[in-house]
Amino acid sequence: MKRKSKLAALMLAAVMALGSLSGCGGEGGNQEDKKEGGTSGKGETEQVFNMATADVVVGLNPIQNTTAPDNRAHNMVCDALVRVNAAEGNTTETVPAAAEKWDVSEDGLTYTFHIRENAKWNDGVALTAKDFEYTLKLMADPAVASTSGWLFDGVIENFGEALYSKGKTPDDIAVKAIDEHTLEIKLVHPAAYFLELAGSIYPVRQDKYEEWGESYGSSVDKIICSGPFQVESWNQNTEMVLTQNPHYWNVENVNLDKIKVRIIQENATSVQAFINGEIDSCGTSDPNWIKLIEESGISNGVVVPNSGPEFLMFNLKNEYLSNTKIRQALAISFDRQQLVDDLCNGNATPIYSVMPDTMNIGDEAYHTLVGDKNYFIKELKEENKDPKALFQEGLKELGKDTDPSKVTLRYASRGTSEFSKKMAEWFKQSWETTLGINVEIDMMEWNIMWDRIDAGDYDIACGGWGPYYNEPSAILTLFDPETGYFNADKIGWTDETSKKYKELCEQAKSVVDEKEKAEIYLQAEELLIKHAIIVPEYLSSSPSFVAKYVKNYPISTNGSIDWSKVSIEK
């Protein structure tokens, strides 16, 4: 009885806290919002999908703003060449988007995309092959400093040579608008994953980019949209409201009139909003909230493993973290299963490799191709039974006092939510107990943490990455010391192992045999994980709940929601 009373009190508190939240996805909310309840198809009642997220959209410039929340928003308001959509049965499907069809040459090196003749921007101007050519050339321009340009290094001909000023310019990359509706892209080597990668090419428009400059995508009056929705209003820390793009090529089949994305930091608050019908989807790992949702009958939870590994990042420029044994000791001194039990209520999977088991090379799982030899954290644990002794060996190698209590390291939190606070405290307690060191917690908003990482102003941080395509290079190339998103400027990896790592990643690109390619990737991963450049933690697998009246909203490990198909039927 006491447990039920406590739960009821929590619910009451959440309801009171939600008094100012209005919604249109269910029966909750004020009277004005209730008229937006939603009907099937193009009914008279406005269809509004309400959702919540704890992470803010930093910006809507696809060249510069590429965090997970930014990319989710791009998926709603931009039309890439193709879309990689979530499908039923935890599968994905690659479907035409701005390109209505495409051809691939017999040698797999030339892709020709045919842009729809009725594709348009939300101001009615035609979306053309030239927009995609301009976008990719911008991404290849070192002066622009695109945050995702590195993805195409070694994939599109001359792209890396232009991006890193190695004798080529953006005009030399093998991307050409043959005419208004035909885009040709030539690759360095055959890449079965290229179509998935093409799903991340969100176009920008030259006239607007040149007019707005660095302000492109920063506010409602400086956003131009090519996807099924456009931005009506945007308060970065509160709410983003999207409405149908009247010029979208498939607008007559778009069901939703509006999408409201609200910033709700605390999971308990978003779950209660879902139960009240104020938002239409949510996720949670708390067993009490899961039980309440299930008992409400609003939704049946769907659990699929996430494809984006969570990992710890070390700044190797730190005097202590420059030592491999110290990093290894930090990597093996905590229990991953205990971590997910304590913080995720078991709704996550501990990982001992940076590769999810769902990662493939061709049609075969990477971990299967390498005979499960990629679980390097387990190997490190077997080789070093005493993490503290290993830490002290590292101190001795550095010529330092071997008393760990004289060592202080900073942990940068990824956000200020209750979960981020708990995680920071969990690692602090774990490392201080097992290793005897001191850990200072730097609580900061997640976007501030990434700014600090860019500046190299951190010791340890909690990172994560959702791969753009399902192949090991989508993760391994992140840590290329020269060209990766987490390059040497950010993590300080500059020794001989970093050079060998880069060589292996480059070597794998030209290998066709899947088994041989997997073995090369395995060697690269060994350098990354056994040397503890980063430390794999877990994959999220919390239930996702979508209200039963929401249709065409499949949940899958890989793939995005096709918002043009989502509808509300009540």
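Residues numbered from 1 in each chain as written. Predicted model: local features only at pLDDT ≥ 70, side-chain atom pairs only at ≥ 80, totals over all residues. Heavy atoms only, no water.

Student: Looking at this structure, how should I read the pattern of salt bridges?
Tutor: Pairing of side chains with opposite charge becomes possible as their charged atoms draw close. The final tally for this structure, using the stated rule, is 29 salt bridges. Here Lys325 ties to Glu393 by a salt bridge, and the two come within 3.1 Å at their closest N and O atoms. Remark: Glu393 occurs in helix H14 (residues 387-397) and Lys325 occurs in helix H10 (residues 324-332); sequence separation between them is 68 residues. What makes Lys325 partly exposed here is its relative accessible area of 25%. Residue classification places Glu393 among the partly exposed residues on the basis of a relative accessible area of 38%. We note a salt bridge from Lys530 to Glu383, for which the minimum N-O separation is 2.9 Å. One end of the pair, Lys530, is in helix H20 (residues 514-530); the other, Glu383, is in helix H13 (residues 376-383), with 147 residues separating them in the sequence. (Salt bridge = Lys/Arg side-chain N within 4 Å of Asp/Glu carboxyl O. Helix = DSSP H or I, 4+ residues; strand = E, 2+ residues; numbered from the N terminus. Buried < 20%, exposed > 50% of the residue type's maximum accessible area, 1.4 Å probe, protein only.)

Student: Honestly, the packing of aromatic side chains in this entry has me stumped. Any pointers?
Tutor: To describe a pair of aromatic rings, you give the distance between the ring centres and the angle between the ring planes. Scanning all chains against the criterion turns up 27 aromatic pairs. Judged by centre distance (5.2 Å) and plane angle (75 degrees), the rings of Phe49 and Trp563 are edge-to-face. Of the two residues, Phe49 sits in strand S1 (residues 48-53) while Trp563 sits in the loop between strand S21 (550-551) and strand S22 (567-568), which places them 514 residues apart along the sequence. Grouping residues by exposure puts Phe49 and Trp563 together as buried. Put simply, the rings of Trp150, Phe311, Trp450, Trp465, Tyr468, Phe479, Tyr485 and Phe486 touch in pairs and so form one group of aromatic residues. (Phe/Tyr/Trp six-rings, centres within 6.5 Å; stacked < 30°, edge-to-face > 60°.)

Student: Would you take a moment to explain the environment of Thr243 for this structure?
Tutor: For Thr243, the position within the fold is in strand S9 (residues 239-244). Along the sequence, Thr243 and Met313 sit 70 residues apart, while their C-alpha atoms lie 39 Å from each other. Dropping the residues within four chain positions of it, Thr243 is found in contact with Pro228, Phe229, Gln230, Glu232, Asp257 and Lys258. (Contact = heavy atoms within 4.5 Å.)

Student: Looking at this model, I keep getting lost on the pairing of S1. Mind explaining?
Tutor: Across the 6 residues of S1, 5 count as buried, placing the element largely inside the fold. In terms of strand pairing, S1 meets strand S10 (residues 258-263) through 6 bridges, oriented parallel. Looking at S10, one finds that Thr53 is bridged to Ile263. (Pairing = 2+ DSSP bridges.)

Student: Even after reading the chapter, I still don't get the sheet that holds strand S8 (residues 229-235), so can you show me in this structure?
Tutor: Working definition: the strands of a sheet are paired by backbone hydrogen bonds and lie parallel or antiparallel to each other. Spatially, 4 strands are ordered S1-S10-S9-S8 in an open sheet, and the strand pairing comes out mixed. The open sheet is flanked by S1 and S8, the only strands paired with a single partner. Going from strand to strand, the sheet's axes swing by 15 degrees on average, the running direction of each strand aside. Summarising the sheet, S9 and S10 pair through 5 bridges and their orientation is antiparallel. The residue of S10 that forms the bridge with Met240 is Val261. Packed onto the sheet, helix H3 (residues 68-77) meets S1, S8, S9 and S10 and runs at close to 140 degrees relative to S8. (Axes fitted to C-alpha atoms, helices over the stretch in contact; angles between N-to-C directions.)

Shape is all these values report; function is a separate question.
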